[in-house]
Amino acid sequence: MQERINEILTYCNEKINAVKKSNECKDLKVELLGKSGKITELFRFMKEVPNDQKQAVGKMLNDAKTKVESLINAKETFLVEAELEEKINSAEKIDITLPTESVVGSLHPRTIIQKQIEDVFISMGFVVEDGNEVETEFNNFIAVNVPENHPARDMQDTFWLDNGQVLKTHTSASQNKILRNYNPPIRAIFPGRCFRNEDIDASHENTFFQLEGVIVDKDVSVGNLIYFMKEMLSKIFKKDVEVRLRPGFFPFTEPSFEMDVKCPFCDGKGCKTCKNGGWIELCPCGMIHPNVLRHGGIDPEKYSGCAFGLGLDRMVMLSLGINDIRDLNSGNLKLLKQFKLDV
Ligand code: DAH
């Protein structure tokens, strides 16, 4: 019997040596150890083995089976590793030190300038608030002193929704929420997307951004407004700027002003950006109308406030030298990629 076992082991060894690919090992296992395999065949002779030798022969057979099994497994492991090694050294090799072509996006120029302005206001104690894009008629008009049938409504060609609400025509629509949610003293800015039914051209869009601010406290004056705006503009344009006020009209402020900034590009001498005027119209503003304070639950006898509605898109265009407002909403990557600024 031992002889027969040795013969089969030699046969198995030859077969195992002949295997050249790891995936052939599975077939070999079936061939040698499977139901009709050579080793399994040997076990059939067990019936002919005399009883007193059965235990010894059984052990010999099991040892032989284990041996063949471990030989095949060892060969398989060896081949798998060799194949892997070959892959690494061959054309499939991946050089992990090679730079990969990764596409890094960038913030939209409007977001960049908005964040810069927010940071300056935050450093001066302002909170940054958010507003709705769909607003009630009350918030958009009535709360800011523009009652029904007031001619000032015509200044803002409004998208009305079927349910009587509006697409926010100005960030002033959030004033009421701010006044109600905070107790004076209040310093808040609230940037937001606004919508008007505009005829579109290089300086008009139906969708545009404003950045509104309110300051409410005891004895707030126009001086506070000028101070904060000058500080913000000087930080954004990275130089001391001068501002001036001209009379304006808005129903929600009394008195109302238009704030101009002395052209930071030519220091007022006259250039393309300021159209040779030396000044750039920048920000409508004024002292908050007592009716607006009252609508916000604030007693105008005790408190006063000022507000401004900075054209954020205009600031972006000025800061970055963009001439056409439509570029800001265009999603034109060629243009947008030019402005990878620090935030
Ligand atoms: N809401 C005005 C507009 O869109 C801008 C504005 C003017 C805002 C005066 C203000 C302000 O806060 O005081 O035309």
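Residues numbered from 1 in each chain as written. Predicted model: local features only at pLDDT ≥ 70, side-chain atom pairs only at ≥ 80, totals over all residues. Heavy atoms only, no water.

1. Section: the nonpolar core
Generally speaking, soluble globular proteins have nonpolar side chains that are buried together. Within the largest apolar cluster, 48 residues are counted, with the highest numbers of intra-cluster contacts made by I117, F121, M232, F308 and L310. Secondary-structure elements contributing two or more residues to this core are α5 (109-123), β5 (207-217), α8 (222-237), β7 (253-262), β8 (279-288), β9 (304-311), α10 (312-320) and α12 (333-336). At 8 residues, the largest contribution of residues to this core is made by α8. Setting aside anything within four residues of it in sequence, one finds I117 in contact with L211, M232, I236, L310, L312 and M315. (Core = buried A, V, L, I, M, F, W, Y, C linked by side-chain atoms within 4.5 Å. Buried < 20%, exposed > 50% of the residue type's maximum accessible area, 1.4 Å probe, protein only. Helix = DSSP H or I, 4+ residues; strand = E, 2+ residues; numbered from the N terminus. Contact = heavy atoms within 4.5 Å.)

2. Re the sheet that holds strand β6 (residues 243-248)
What the 7 strands build is an open sheet, ordered β1-β4-β5-β9-β8-β7-β6; its pairing is mixed. Every interior strand has two partners, whereas the edge strands, β1 (127-128) and β6, have only one. Both β6 and β7 contribute to a ladder of 6 bridges, which runs antiparallel. Residue pairing in the sheet places P247 in a bridge with F257 of β7. Across the sheet, α8 is in contact with β4 (186-195), β5, β6, β7, β8 and β9; its angle to β9 comes to roughly 35°. (Pairing = 2+ DSSP bridges. Axes fitted to C-alpha atoms, helices over the stretch in contact; angles between N-to-C directions.)

3. As for the packing of helix α1 (residues 2-18) against helix α2 (residues 24-33)
Direction vectors running N to C along α1 and α2 enclose 170°, while the axes themselves pass 11 Å from each other. Taken together, α1 and α2 sit at an angle that is classed as roughly antiparallel. Here Y11, C12, K15 and I16 of α1 come into contact with α2, specifically with L28, E31 and L32. (Parallel < 35°, antiparallel > 145°, perpendicular 65-115°, else oblique.)

4. Notes on empty space enclosed by the protein
Enumeration over the complete set of coordinates arrives at 1 cavity of 30 Å³ or more. Its boundaries defined by the atoms lining it, the largest cavity holds a volume of some 40 Å³. Surrounding the largest cavity, F141, V146, A152, M155, Q156, P251 and F252 form its lining. Among the residues making up the lining of the largest cavity, the classes are represented as 6 nonpolar, 1 polar and no charged. (1 Å grid on protein atoms, 1.4 Å probe; cavity = no way out; pocket = protein on both sides within 12 Å on 5 of 7 lines; lining within 4 Å. Points joined across faces, edges and corners; volume = space filled by probe spheres on them. Nonpolar A, V, L, I, M, F, W, Y, C, P; charged D, E, K, R; others polar.)

5. Description of the site of the ligand
The full set close to the ligand counts 16 residues, and H170, S172, R196, Q210 and E212 are the nearest of them. When the ligand sits alone it has 360 Å² of accessible area, and the protein chains cover 94% of it. In this structure the site holding the ligand corresponds to the largest pocket. By residue class, the composition of the shell around the ligand is 6 nonpolar, 8 polar and 2 charged. (Near = heavy atom within 4 Å. Areas by Shrake-Rupley, 256 points an atom, 1.4 Å probe, with all protein chains shown as cover. Sits in = over half its atoms within 2 Å of the grid points.)

6. Concerning the environment of T273
Mapped onto the fold, T273 is located in the loop between β7 and β8. If sequence neighbours within four positions are ignored, T273 has contacts with F265, I280 and L318.

7. Regarding the side chain of E205
Tracing the chain through its elements places E205 in the loop between β4 and β5. This buried residue, E205, is left without a salt bridge; R326 holds the nearest opposite charge, at 6.4 Å. Of note is the side chain of E205, whose polar atom sits 3.4 Å from the side chain of N329. Residue contacts for E205: discarding those within four places in its chain leaves E198, I200, I325, R326 and N329. (Lys, Arg positive; Asp, Glu negative; His and termini not counted. Salt bridge = Lys/Arg side-chain N within 4 Å of Asp/Glu carboxyl O. Polar contact = N/O pair within 3.5 Å; in protein donor to acceptor, adjacent residues only side chain to side chain.)

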